[in-house]
Structure formats: structure tokens, C-alpha cells
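In case you want the letters, here they are:
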Amino acid sequence: MRSLFTIISILIGMQAYGQVTITQSNFPRTPNYLDVGAGVGTDGMAVPEHGNGITWNYSGNGLEILTSTTWTSALGDADFPDALNSRAQTLLFNVFQISSRLYESVDAKGWFEPGRIITEVTHSITNFTGGPEDVLTFPSQIQHYLGRVNTLEFPVSYQKSWTQSRDEIIKFELTVMAYGLNKTPGENRTKHSQFREVVGEGKLIIPDINGNPTSPMDALVIRLKQFVVDSFFLGGSPAPAPLLAAFNLSQGSTDSLVSYMFYVPNFAAPAFSLQLDPNGNVFSAFARPGAADVTSSVAESAFPFATSTFPNPVNAGEILTIDVGVSTGNIIDVVDLTGRVVVTTSVAHTNNNQVQLRLPTGIAPGLYTVTVRSADAKLLSASQVIVR
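Residues numbered from 1 in each chain as written. Predicted model: local features only at pLDDT ≥ 70, side-chain atom pairs only at ≥ 80, totals over all residues. Heavy atoms only, no water.

## Digging into the overall build of the protein
What the protein contains, in helices and strands, is three helices and 27 strands. Across the 388 residues that make up the protein, the buried fraction comes to 46%. Pairs at least 24 apart in sequence give 63% of the contacts found in the protein among residues at least 6 apart. (Helix = DSSP H or I, 4+ residues; strand = E, 2+ residues; numbered from the N terminus. Buried < 20%, exposed > 50% of the residue type's maximum accessible area, 1.4 Å probe, protein only. Contact = heavy atoms within 4.5 Å.)

Shown next as C-alpha cells:
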């Protein structure tokens, strides 16, 4: 018979491991979401170790320039009625850019992308075909993905795995006089097959906004193996090889990618992610220092390019003065620790480089980030303010 000490030891071990779980309730993705992060230097960076009770320390690799992505509410959208939000997205077909809007959703089953909307654009392809009137048009189209791929499949815990796939179809019209093509309809069909496995559970340490190590954060690490197969069709049949060769495309071309993503409870994006090259070495990494704020009791931290914001602390309902630094075309956001934008305003012009913003009377007490972005959404500066 096991002793009481042995049983207690087993219970303690069970509490120490297997406790990190990501669910819909602790994944606070919101309709209006400002995603702030930075690239991380990869010199000497190791591929994450697999297993339980591991500490992954990436704090020795410095942050690069902060970037931001703005997600805006899609609630009530007629084309994607179940979507949470959307963001601007630029697609590439060879060298040709296609403007689109990517949608995402969160439900009881997971976090996923249901599709996108493409804005019509026409590109000259004379440099590829030699014909002065040859063009490639991508008409306006609502692209609902066929199938579903959960970036996270709730609940997410150590050793869980899932495999899913989706098909994306981008329609185009091709005019190549030498081939007798005049607005001939075509399609680029892309199949995404993804295998995700939670390969680790433990503690994550990354650089904070000042480049210092964060406190260890409870984390799960997911390994993603992704395979992408492209096929091209013209007039309902596979596109002819000479035409594909002119665009440097090949029928059935396949790309594969292996990446790792670290998630911490109560933060609605990967806290840290990295990608491997074909040789299995780390070639890119990205961190979101804000993840440390939701797991830390630290009440105040400074940005290396901080904006002057006062008074600080400030009371709910009071006016906050922000030194924007640039006198025209600024967007000011006040963001909570989950990434939710609680106040936003656009500033067309100011004479003294300062903006005054009244906080809502109902804003919850806590630590907030005040960001200043240019009209094209480039992050110019940021600071943190305590609301009492």
C-alpha cells in the first residue's frame, strides 16, 4: 500500500504539471484589437525543446523595431456573419499585389480564419508576355474558405494534436493576345494542410519592452507542420505549361513550413513564435512583450521610444494629455492588457504636438498602453499609463 507521503507527492506532481490550458474563456481576443510585437534576433537561437516542465529562455535575443496590426470589429458583417474582426492584407501572385481583407473568428471550437474579401485590381503583364495590351485582373470576390483550420482548437493542453485542411480559391481573368485569351477566367487553387501538436509545457522567458528578461510565464508550445499545394486553372482546365513558365509558376508546386508558437493564458495571440528553415534551423522569430504584462504584478514599465503621457496615474473620466511628437495624421489608441482598444481617436492636425483625450468614466482600473500610429498604421511611439 502506498504511504500517505507517496500519495501527496503524486498529487503535488500532478498539480505542478499538466495545468496550462488555453480555452475560449482565457483567450481574450476582442473585436477591436491592436496587435503589437517585434522581430527578435535569431543568432544562436535554439529550436524549442519538447517535453513537460521545461523553461524556454529567449531573453538573450534582442527586440527589433516594434510593429502593430489593427484588427477592427466585423460583428454584424453581412459577408462573414460569424466573424469577430478583420484586418487589411496584401496577397502576392508572383510579383503582383492583391489588396484584401482577412477575417477571423473565435467560437467554442477554436480560433480560425473563415475567409477574405479581395478588392479588384488589374496589372499589366507586358513584361512577362511581351503583349502591350496583356493584363491580369483579379476581380472583386468574397472568398469563403472550403474547410476549416483552427489555429487553436479549444481546449488546448499538453500533448493535444489536430490535423485540418482548407482550400482557398482566387479567381482571375487573363488577357494574352498571343494565346487568344481575352478575359479568360482562371483560378489559383491552394490547399493548406496543417498538423498542430502541443509538444511542450513549462515556462517561457522573452525580452520585455526594454529588452530585459520577463518573469517566467506559464506556457504551451505548439509545433506547426504546414504543407501548401498550388494549382492553376484556365478556362476550366489546367493552365498550359508554357504560360505557367512565363510567370515562373509550376503546377502542383508544394511548400512546407515548420514553426513553433508559444501561448500563455489570458493573452490572445502567440507570446513568442519562430520559424525553421529547410535545414531545421531557426531563421525568424517574433515576440509580443505585452504577454508579460498579463502575468506580472509589475505596475509600470517604459518603452524605449516612449511618448510623454500625463497625468500618470490618471483617474477614469479625466483628460489624458499625450505628446504625439508628430503634428499631422496620427491615430491614438488606449489599449488594455488583453489588446482590446478601449479608446481611439484620429488627429488630423495639432499646433503644439499634444493631444487631449478624455477617458471613459467606466474604464476599469489598471495598466494601459497608449500608442501613437501614423495614418498608414505604422507604430510611432508608445507609453503606459495607470488608470485609477
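## Focus: the sheet that holds strand β21 (residues 309-310)
Taking strand neighbours across the sheet as the criterion, the three strands line up as β21-β22-β25 in an open arrangement whose pairing is antiparallel. Both outer strands of the open sheet, β21 and β25 (354-358), are each paired with one neighbouring strand and no more. (Pairing = 2+ DSSP bridges.)

## Re the nonpolar core
Membership of the largest hydrophobic core comes to 44 residues, with the highest contact counts inside it found for L152, V156, L204, F272 and L274. Sorting the residues of this core by element identifies β2 (33-40), β3 (51-57), β15 (181-205), β16 (217-234), β18 (253-263), β19 (272-276) and β20 (282-287) as the ones contributing at least two each. Here this core takes six residues from β16, the largest share from any one element. When near neighbours in sequence (up to four residues on either side) are disregarded, L152 contacts I22, F27, K109, G110, W111, W162, I222 and Y263. In terms of nonpolar packing, the next biggest core, distinct from the first, is built from 19 residues, F93, I125, L136 and F172 among them. (Core = buried A, V, L, I, M, F, W, Y, C linked by side-chain atoms within 4.5 Å.)

## Examining the packing of aromatic side chains
Two descriptors summarise a pair of aromatic rings, namely the distance from one centre to the other and the angle between the planes of the rings. Applying the stated criterion across every chain, the model contains 13 aromatic pairs. Arranged with centres 6.1 Å apart and planes meeting at 85 degrees, the rings of F93 and F232 form a pair that is edge-to-face. Residue F93 is located in strand β5 (residues 85-93), and its partner F232 is located in strand β16; the two are separated by 139 residues in the primary sequence. For the pair shown, F93 and F232 are each scored as buried. Between F138 and F172 the ring centres are 6.4 Å apart and the planes differ by 65 degrees, which places this aromatic pair in the edge-to-face class. Highlighted residues: F138 in strand β9 (residues 135-138) and F172 in strand β14 (residues 161-176), separated in sequence by 34 residues. For the pair F138 and F172, one class covers both residues: buried. (Phe/Tyr/Trp six-rings, centres within 6.5 Å; stacked < 30°, edge-to-face > 60°.)

## Here we look at the environment of E113
Relative to the elements of secondary structure, E113 occurs in strand β7 (residues 110-118). A relative accessible area of 24% means that E113 is categorised as partly exposed. Sequence spacing of E113 and N150 is 37 residues, and the spatial spacing of their C-alpha atoms is 7.8 Å. In this structure, E113 is in contact with L102, Y103, E104, Y145, V149 and R166, ignoring residues within four places of it in sequence. A polar atom in the side chain of E113 sits 3.3 Å from the side chain of R166. (Polar contact = N/O pair within 3.5 Å; in protein donor to acceptor, adjacent residues only side chain to side chain.)

## A short note on unusual backbone geometry
Note that the residue after F154, namely P155, is joined by a cis bond; omega there is -15 degrees. With respect to the helices and strands, the residue P155 is situated in the loop between β12 (150-153) and β13 (156-157). For N248, which is not glycine, the phi torsion reads 60 degrees and is therefore positive. Within the fold, N248 resides in the loop between α3 (241-246) and β18. For N248, a relative accessible area of 68% gives the class exposed. A positive phi angle is found at N266, which is not glycine, with a value near 70 degrees.

## What about the pattern of salt bridges?
Within the structure shown, the criterion is met by 13 salt bridges. A salt bridge links E187 to K171; the shortest N-O distance between them is 2.9 Å. Pair noted here: E187 is in strand β15 and K171 is in strand β14, with a separation of 16 residues, a long-range link. On the basis of relative accessible area, K171 is assigned to the partly exposed category, the value being 41%. Note that R223 and E197 form a salt bridge whose closest N and O atoms lie 3.3 Å from each other. Remark: E197 occurs in strand β15 and R223 occurs in strand β16; sequence separation between them is 26 residues. Judged by its relative accessible area of 25%, E197 is partly exposed. (Salt bridge = Lys/Arg side-chain N within 4 Å of Asp/Glu carboxyl O.)

## Some thoughts on the pairing of β15
In the sheet, β3 pairs with β15 via six bridges, with the strands oriented parallel. Note on β15: the bridge partner recorded for N57 is I205. Bridge count between β14 and β15: 15 bridges; the pairing is antiparallel. Looking at the pairing, I169 lines up with R189 of β15. Between β14 and β15, which pair antiparallel and follow one another directly, the connecting turn spans four residues, one of which, G180, has a positive phi of 70 degrees.

It is worth stressing that arrangement in space is one thing and function is another; only the former is reported here.
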